[in-house]
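The lines below spell out each chain.
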Amino acid sequence: MDTLIISVSGVRGIVGESFHPSLLTRFAIALGTFAKSGKVVLGRDSRTSGEMARHALLSGLIATGCEVVDVGICPTPTILLRAKNLQADGSITITASHNPIEWNGIEFAVSCGSLLNPEQSAELMRIYESGEDKLMPQDKLGSVKQDDTAVERHIAKILSLPYIDVRLIKSRRLKVVIDCCNGAGSVISPKLLRQLGCEVIELGCHPNGKFPRHPEPAPEHLSQLCELVRMRDADIGFAHDSDADRLAIVSDKAEAISNEYTFVLASDFILSKQKGPVVATSSTSMMMDYIARKWDVPLYRTKVGVGNVVGKMQKVNAVVGGEGTGGVIFPEIHHTTDGITTLAVIIQQLAECGATISELVSEIPKYSIIKKKIEISNQQLADDLMQKAAQYFADENPDLTDGVKIIGKDSWVNIRKSGTEPVIRVFSEARTTEEAGKLCDSTIKIIQSWMG
Ligand code: MG
């Protein structure tokens, strides 16, 4: 099976197989050409394969005359913020985010520190495929400079947010367990929490790339964190994925709450400070509808993917945006998912309201999301099935933002084609897990009946 995944935001593959150094060098040459031999920020998460990728990428960037600023091991949002500060012409982050350790990947961004939009991505791919490389002669080769200030700058930027009150947080003496999965978050999150005046208990905070758990911070992967929160009687537990653009929460009752709550709680807090539009994806929880109603602000929904959310946020001047995966975007910092800022926001929220995290969660109407998929033999069949779904559900006035979404009073089901796997995804949400499960299963049955 070909494990190489090329998407709008970058490339992912398996080390020793599809994540090939020659492919990386070619992509770096394409980006160097795209960035017109300008300034490019390079950084990576803690994966042990990162150093191999770094050398392959440096070669291509130097060959195209780029001025490389290498920030070393840093979270993706930290790297992108540094690129924004430096007004760099592009950036490359070496990470496979929440994928298991055998994977690695590269993500590209443009000058403003935002991931590529679809047009920019198409242009980069065109250069990559056409081989229109702008290789430089010996006297115009690029250079590499190390920069170890990205973490400090990111922390300073977060602490300068008008609603972060370090004195108040300090006075609360919050006890926090932070689980970085030995990923890139290790270099910043424990430090930030200490600067906020929390008592910090570290779990997997060595950026050595040896992941003690699955790097996706889904509740089922956080048993060790839950145990530590319980044992140490902590106020809250946090978990990142390997590049720390996501944040998951474990409550004071030592329960890993659904990743959906990260965006829900963070936007509830942001809207209490500044009212304005909010952007979510079409498969983000209905709890966001509740939050938007609570603050009387418009909620826009986009196709799944951070790039889509960011694009819409910029268009409508949103005050916060995100996805149900635990990725939240704070435009005051930059337009990318930022698990580090999210952490500070949740801590401020806790300090300010004086309630426990489980009390905050209990104030929000409860919903449950079920995510399933149907394996499909080829893309053509997937397209046919999607067309059939649109026709079949036409009378129910479906939302076609991303696939076919049938919205009920207190539930929805969304059918969409995956961009990265030969599957059709069926997600549903309802007030209980049982109801959501029934809705998901009955929809899958209908689709399977068309497959014969
Ligand atoms: Mg990530």
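Residues numbered from 1 in each chain as written. Predicted model: local features only at pLDDT ≥ 70, side-chain atom pairs only at ≥ 80, totals over all residues. Heavy atoms only, no water.

A closer look at the domain arrangement of the protein chain
Assigned domains of the protein chain: these are domain 1 (5-148), domain 2 (154-362) and domain 3 (368-450). Inter-centroid distance (C-alpha atoms) of domain 1 to domain 3 is 35 Å. (Domains from an automatic or database assignment.)

Side note on the coordination of the magnesium ion
Here the magnesium ion is held by the protein donor atoms Ser97 (OG), Asp241 (OD), Asp243 (OD) and Asp245 (OD), which lie 2.0 to 2.2 Å from it. Within one chain, the residues serving as donors to the magnesium ion are arranged as S-x143-D-x1-D-x1-D. The two residues Asp243 and Asp245 agree in class, both being buried. (Donors = N, O, S within 2.8 Å, 3.2 Å for Na, K, Ca; no water. Buried < 20%, exposed > 50% of the residue type's maximum accessible area, 1.4 Å probe, protein only.)

Thoughts on the sheet that holds strand β11 (residues 247-250)
Strands sit in the order β9-β8-β10-β11 across an open sheet of 4 strands; the sheet is mixed. Where the open sheet ends on each side, the last strands, each with one partner, are β9 (199-203) and β11. On average, each strand axis in the sheet is inclined to that of its neighbour by 25°, with strand direction left out of account. Helix α12 (residues 339-353) rests against β8 (175-179), β10 (236-240) and β11 of the sheet, and its axis sits at about 170° to β10. (Pairing = 2+ DSSP bridges. Helix = DSSP H or I, 4+ residues; strand = E, 2+ residues; numbered from the N terminus. Axes fitted to C-alpha atoms, helices over the stretch in contact; angles between N-to-C directions. Contact = heavy atoms within 4.5 Å.)

A word on the packing of helix α9 (residues 260-273) against helix α10 (residues 287-295)
Close contact between α9 and α10 brings their axes to 10 Å; oriented N to C, the two are set at 10°. Between α9 and α10, the angle falls in the class roughly parallel. Contacts from Glu260, Tyr261, Phe263, Val264, Ser267, Asp268, Leu271 and Ser272 of α9 reach α10 at Met287, Met288, Ile291, Lys294 and Trp295. Residues of the contact of α9 with α10, tallied by class, amount to 8 nonpolar, 2 polar and 3 charged. (Parallel < 35°, antiparallel > 145°, perpendicular 65-115°, else oblique. Nonpolar A, V, L, I, M, F, W, Y, C, P; charged D, E, K, R; others polar.)

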